[in-house]
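Commentary on secondary and tertiary structure
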Amino acid sequence: MDLARSLVRRGARLAAVLLASLAAACSGVDPVAPGQSPPDDTQQPTPDPPPPDTEPPAGAAIDVQRYEVTGEFDWSRGRLVATVAMTLLPGDDGLRSLRLDSAVAEVEAVRLAGGADLPYAVDAELGALRVDLSRVPGVAADQAITLEIDYEAAEGEALRAIPARRGDPAASRAVYTISEPLNAALWMPCHNTPEDRAVFSIDLAMDAHETMIANGTLVSDEQGASGRRMKYATDYTVPIYLMAFAIGDFEEERAMKGSLPVSVWHRRGVPGDYGRLLDEMVRSIGLFEELLVPYPFEKYAVVLVPEFGGGIENLGISFQGEIGSTAPTISEDLKLTIHEIGHQWFGDLVTVKSWDDLWIKEGMATLLASEGARVYLDESGEGTLNGDSFSAGSHNPIVDPDRAPADKYTSGPYGRAAWLLTQIRSLVGEEAFWGTLRDVLNDHRFGAIGTDEFLDAFAGPLGPDAAARARRAVRASALPHLDLGRSPSGGVLVTLRDPDGALVAPIDLLWIADDGTTRSQVLELDQGVDVAPQREGELLILDPLDRHVSWYHLVDFSLHPDELPARLASFRLPTSPSQVARLLEAGGVHQMAVVGAGLPEPVTPDAFAAFLDGLDAEDAKAMAVRVACVRAADPALDPALRAAWSSALAPLLAGPPYARWTEFTPWLEYGVCGEVVDVLALYADEWSALAAGPPAGDLSDAHLRFLYNFDLPLETVLSAWGNVARQSSSLRARSLAVTRIRTEADRAPPDDFPAFRAFFSEIVASTGVPDLLTEALMGMSRTMAPTAAENAGALAALSQQLRAPSTTPFDGWLVCVAFALTQGDAAAWSEFVGGLDGVELSAEAVEMLANPSRC
């Protein structure tokens, strides 16, 4: 599961963003854009209704062997109406009273298969279903029984029902499940612990034009007068949190990897670079089969679903957000897809015993995502280990027993765990590392593993001292840190501190001289090391194996004078052509670290194209172009040199065909390049195509994200990006365009507000898509006029939106925006309220209309 992109309940986060924007607009403060701080995205809203946020009792001995779900989703009521037949061994604890996990909306009956109803009790507070077996003769701990439970589950955090929405170019509905970590109990009574794996089947009805995908093999597909019914089943066990289904008007894009079907499912009409996505999926599966064991299931599919930010590795069928997975040339899309593929081995084939062991599956998937993207991150194959690609937060331990399962998804089980695994990899070597992982997968196939067992597997190759350090590291809270001081030699005195024992492998440095000779230094714990060149022309490589996170994670810049970090960084920056040559031999990760700090001085405009071609990482190439633009935009630069840089950069930025790096990292701030080259002229064809609308204006999502960076005149912003927002066949492109215009409005002078306000009013009146509506409401709040009369068009748009049937998650917020737009004009507010007579609104909206001071 990838929670770097947070999985939030539909509407809750949007409400917080919108109300913050509204408050900011009313106070004259610029609103905070989504994705910026605050808020802290590790603090997620609680699902409503919540499942129990604790794991089942450790002593529970229930062993579920099979789940068989039969039913249908009732769109008119937003309910899954179903029966689950649960075959289980009651164990000693379940002989008289069986405790199951259930937070479904309603349990209607419980019975033994083919028998009479059984007494049961629902404990809503604990999320438990207790079934009385005391009067059932012959119940034995080791003899299987089958319970049939009739129930209804409501749409919500676990069972996501997205209706067809206005403003969505693919106007079709979809319903799907998201269960990790404990939300399975919200859509199906179950034994909600990850290690209790069971065989799974699901048999659901749907409309004739819809289709279903679920775990396992399609075993029946019947069309009848009342619609369609499909059934999937596995012949192997599945962890409860990875049992899943999705129903919608899906199209399927297909490929094969040998005899393995590989596919992408998406709502009909959702565009994407599916051919390249399938190529990357096939390539990644092949790579992981070489490193690990053969792919273990009968199929692999990526299912793109609406209103979902991130990915979840349902067994054989990863669900990913359709707005963040359609462009595999973008590094974030690519690494998300590879991350979920990696889970098919760690998480799915072998799962975790408890949620304290979450780091095993998430750390391995994070490591595998970078390994799978290595072809783009380090074409040189210099043996570096991707440590710089991992993030690590202090006080986010890898294993944190004090956190509830839903709160464990911090950088600890992700980046910090991948960092620990990478340190182990560097110590034991490639053969032992991958060989041990293969042993783990074979020994625990279709089972589960815990932290101690996993670390024990590496104890032999690591040796006793390193193995002990690894066991300590999983529970370390504080990160190691580097104290910097002045050294007598003129260098930097670096002292390594590791108060909690997070390090397993040493941190070392490599110096490369002009003639290619090298020398090494090791940062010893609590001992100052003088880091300085010993001869002219030495170039510093920090952490040459790249087995550690970036040094930016390890230095507290607030505690050190600026010159010390800058001086240390200067030892890494080439100052001569021979040092530039050494850098180009060092591997992609080290190149990226250097150009991120600035373009080496010896790189001149006439040498830049060759320098760019010599870099081994797509992100390093992208960063090099950006920092070259920064240098060229320096107002103190000689005009002739500035002109030379402009001439050197223009052909690199132009297209088509576009350089691979522009698509791999389109989110870099290339806007500064607009000060060096004329982006209106350079991309004139693109701006014209966007203004003309589809099909000419349907540029790729990756290229649109690249163009997003450049400042444009107001007329071009509204004509080009405005048309994308209105007409693009890609919802992702529409969302990007509305965000681009809202960002422009945030910094626009008041004289431009009417044009922006008219655009945002048009979007508010015409869409029911949360992403679009949120951005438009933020923009409307930012550009409100000082009088209700001037805001009349915006008020009319809000009234129209409130009359739409699908705005319930938003209507309270819409009322508050409307109240702000009336600017204290009592008559205008009364007219707005009166215009909503007879409209069915949420209780929150009705209360806001009656008492707008609550806004």
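Residues numbered from 1 in each chain as written. Predicted model: local features only at pLDDT ≥ 70, side-chain atom pairs only at ≥ 80, totals over all residues. Heavy atoms only, no water.

1. Overview of the pairing of strand E7 (residues 145-154)
Burial runs high along E7: 7 of the 10 residues are buried. The pairing of strand E2 (residues 79-89) with E7 spans 10 bridges and is antiparallel. Bridging across to E7, Thr87 finds its partner in Thr146. By the bridge criterion, 6 bridges tie strand E4 (residues 106-112) to E7 in an arrangement that is antiparallel. Looking at the pairing, Val110 lines up with Ile149 of E7. (Buried < 20%, exposed > 50% of the residue type's maximum accessible area, 1.4 Å probe, protein only. Helix = DSSP H or I, 4+ residues; strand = E, 2+ residues; numbered from the N terminus. Pairing = 2+ DSSP bridges.)

2. Section: the confidence of the model for the protein chain
Looking at the protein chain as a whole, the pLDDT averages 91, with 92% of positions reaching at least 70. Confidence drops under pLDDT 50 across residues 55-60; counting only partners more than four residues distant or on other chains, this segment forms 11 contacts. (pLDDT = per-residue confidence, 0-100. Contact = heavy atoms within 4.5 Å.)

3. Here we look at the packing of aromatic side chains
Using the criterion set out here, one finds 36 aromatic pairs in the structure. Seen from their ring centres, Tyr376 and Phe664 are 5.7 Å apart, and the 45 degrees between their planes marks the pair as tilted. Of this pair, Tyr376 sits in helix H6 (residues 374-377) while Phe664 sits in helix H18 (residues 660-664), placing them 288 residues apart in sequence. Both residues of the pair, Tyr376 and Phe664, count as buried. Geometrically, the ring pair formed by Tyr683 and Trp687 is edge-to-face, given 6.4 Å between the ring centres and 85 degrees between the ring planes. With respect to burial, Tyr683 and Trp687 carry one shared label: buried. Every member of this aromatic cluster is reached through a ring pair, and the members are Tyr236, Phe288, Tyr295, Phe297, Tyr300, Trp345 and Phe446. (Phe/Tyr/Trp six-rings, centres within 6.5 Å; stacked < 30°, edge-to-face > 60°.)

4. Observations concerning the sheet that holds strand E24 (residues 507-512)
Strand order in this open sheet of 3 strands is E25-E24-E27, and the pairing throughout is antiparallel. Here the strands that pair on one side only, and so sit at the sheet edges, are strand E25 (518-523) and strand E27 (539-542). Recorded for the sheet is a direction-independent mean angle of 25 degrees between the axes of neighbouring strands. With 6 bridges joining them, E24 and E25 adopt antiparallel strand pairing. Residue pairing in the sheet places Ile507 in a bridge with Leu523 of E25. (Axes fitted to C-alpha atoms, helices over the stretch in contact; angles between N-to-C directions.)

5. Concerning the packing of helix H27 (residues 811-821) against helix H29 (residues 843-850)
Their axes nearest at 7 Å, the elements H27 and H29 cross at an angle of 20 degrees. Between H27 and H29, the angle falls in the class roughly parallel. Between H27 and H29 lies a crossing whose hand is right-handed. Each of Asp811, Gly812, Trp813, Val815 and Cys816 in H27 lies in contact with H29, whose residues at this interface are Glu844, Ala845, Met848 and Leu849. Residues that form the contact of H27 with H29 fall into these classes: 6 nonpolar, 1 polar and 2 charged. (Parallel < 35°, antiparallel > 145°, perpendicular 65-115°, else oblique. Left-handed = near helix turned anticlockwise from the far one by under 90°. Nonpolar A, V, L, I, M, F, W, Y, C, P; charged D, E, K, R; others polar.)

6. Considering the environment of Ala144
Among the secondary structure elements, Ala144 is positioned in the loop between strand E6 (128-132) and E7. On the basis of relative accessible area, Ala144 is assigned to the partly exposed category, the value being 46%. Here the alpha-carbon distance between Ala144 and Gln65, two residues 79 residues apart in the chain, equals 8.4 Å. Discounting residues that sit within four places of it in the chain, Ala144 has contacts with Gln65, Thr87, Leu88 and Leu89.

7. Quick notes on the side chain of His590
With respect to the helices and strands, His590 occurs in helix H14 (residues 588-595). A distance of 2.9 Å separates a polar side-chain atom of His590 from the backbone oxygen of Pro544. In contact with His590, other than residues within four places in its own chain, are Thr384, Ile541, Leu542, Asp543, Pro544 and Leu583. (Polar contact = N/O pair within 3.5 Å; in protein donor to acceptor, adjacent residues only side chain to side chain.)

8. Comments concerning the sheet that holds strand E13 (residues 227-233)
Pairing is mixed across the open sheet formed by 7 strands, whose spatial order is E4-E7-E2-E1-E10-E13-E12. Sheet topology places E4 and strand E12 (217-224) at the edges, where each strand pairs with a single neighbour. Across the sheet, the axes of successive neighbouring strands diverge by a mean angle of 10 degrees, strand direction being ignored.

9. Thoughts on the state of the cysteines
One pass over the structure, following the stated rule, counts 2 disulfides. Residue Cys629 pairs covalently with Cys673 via a disulfide, S to S 2.1 Å. Where Cys629 bonds to Cys673 through sulfur, the torsion about that S-S bond is close to 100 degrees, and the disulfide is right-handed. Of this pair, Cys629 sits in helix H16 (residues 618-632) while Cys673 sits in the loop between H18 and helix H19 (679-682), and the two are 44 residues apart along the sequence. Owing to a relative accessible area of 0%, Cys673 belongs among the buried residues under this scheme. The partner cysteine of Cys816 in its disulfide is Cys855, sulfur to sulfur 2.1 Å. Handedness of the Cys816-Cys855 disulfide follows from its S-S torsion of about -85 degrees: it is left-handed. Pair noted here: Cys816 is in helix H27 and Cys855 is in the segment after H29, with a separation of 39 residues, a long-range link. What makes Cys816 buried here is its relative accessible area of 1%. Disulfides within the protein chain link the bonded cysteines, taken in sequence order, as 1-2, 3-4. (Disulfide = S-S within 2.5 Å.)

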